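# Report on the structure
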Amino acid sequence: MGKDAASQALGMKIEKISPGRATLTMIVGPQMLNGHAICHGGFIFTLADSAFAFACNTYNQLTVAQQNQITYLQPGQEGDCLTAEAVETARSGRSGTYDVRVTNDAGDIIALFRGLSRTISGQHYPEDGDQA
């Protein structure tokens, strides 16, 4: 999170993180509303994409998005605390598939997101036995 200026700027918080999983939250502020006075879909997508990114980078291998899609089911409202829970559903070789469920305070599903990841060369931090 320390290097993720976009997630920080939107006030996202990591609630849980473990191998292949991540849960992030974000409060919908007035600056996130569209012309219909509901949360702009781009902010919901960004929350889901950030949860996906944290989940697929939990193995200390640099991993990027290859493809993403989202389905919006109902709007987010100003003041809602949105929660994005990312779960790895498959991982093989350099490819991974992650499903993200975005919910509001009441537990209503706001959006469903699927992210496909691709591992690239490099690590986030040295591990035991790595040479500095």
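Use the structure listed above.
Let me sum up the structure you'll find in this document. Here the structure is a predicted model, which means the values were calculated and not measured. (Residues numbered from 1 in each chain as written. Predicted model: local features only at pLDDT ≥ 70, side-chain atom pairs only at ≥ 80, totals over all residues. Heavy atoms only, no water.)

### Things to note about the overall build of the protein chain
How we decide: In this text, helices come from DSSP runs of H or I with a minimum length of four residues, and strands from runs of E with a minimum of two, each type numbered from the N-terminal end. Note that the radius of gyration is over C-alpha atoms, with the globule rule given as 2.2 Å times the number of residues to the power 0.38. Relative accessibility decides the category of a residue: with a 1.4 Å probe and only protein chains considered, values under 20% of the type maximum give buried, values over 50% give exposed, and everything between is partly exposed.
Per the secondary structure count, the protein chain includes two helices and six strands. In the protein chain, the order of α-helices and β-strands from amino to carboxyl end is α-β-β-α-β-β-β-β. Taken against the 2.2 N^0.38 rule, which gives 14 Å for 132 residues, the C-alpha radius of gyration of the protein chain at 15 Å falls within 12% of a compact globule. The principal-axis extent of the C-alpha atoms belonging to the protein chain is close to 55 × 25 × 25 Å. Taken across its 132 residues, the protein chain has 33% of its residues classed as buried.

### Quick look at the environment of Ser 7
Here is the rule we go by: Contacts are assigned to residue pairs with any non-hydrogen atoms lying within 4.5 Å of each other. Two N or O atoms form a polar contact when they lie within 3.5 Å of each other; inside protein one atom must be a possible hydrogen donor and the other a possible acceptor, and for residues adjacent in sequence the pair counts only when both atoms belong to side chains.
Structurally, Ser 7 can be placed in helix H1 (residues 5-9). By relative accessible area, Ser 7 is classed as buried at 1%. Considered as a pair, Ser 7 and Ser 92 are 85 residues apart in the sequence and their alpha carbons are 27 Å apart. In contact with Ser 7, other than residues within four places in its own chain, are Met 1, Met 12, Ser 50 and Phe 54. A distance of 2.8 Å separates the side chain of Ser 7 from the side chain of Ser 50, its partner in a polar contact.

### Focus on the sheet that holds strand S2 (residues 21-27)
Which entries qualify depends on this criterion: The pairing criterion for strands is at least two bridges between them, as found by DSSP. For helices, the fitted axis covers only the stretch in contact; all axes are lines through C-alpha atoms, and the angles between them, taken along N-to-C directions, range from 0 to 180 degrees.
The antiparallel open sheet is built from six strands, whose spatial order is S1-S2-S4-S5-S6-S3. Edge positions in the sheet fall to strand S1 (13-18) and strand S3 (63-72), since each of these pairs with one other strand and no more. Taken over all neighbouring pairs, the strand axes of this sheet differ in orientation by 20 degrees on average, direction set aside. Where S3 lies against strand S6 (residues 109-119), nine bridges are found, and the strand directions are antiparallel. By the bridge assignment, Ala 65 is partnered in S6 with Ser 117.

### So, the environment of Gly 76
Tracing the backbone shows Gly 76 in the loop between S3 and strand S4 (81-92). C-alpha of Gly 76 to C-alpha of Met 32: the two residues are 44 residues apart in sequence and 9.8 Å apart in space. If we ignore the near neighbours within four places in the chain, the residues touching Gly 76 are Ile 38, Cys 39, Ile 44 and Ile 110.

### Comments concerning the side chain of Asn 57
As for its placement among the helices and strands, Asn 57 is situated in the loop between helix H2 (41-56) and S3. Looking at Asn 57, its side chain comes within polar contact range of the side chain of His 124, at 2.7 Å. With residues up to four places along the chain from it excluded, the contact list for Asn 57 reads Leu 62, Thr 63 and His 124.

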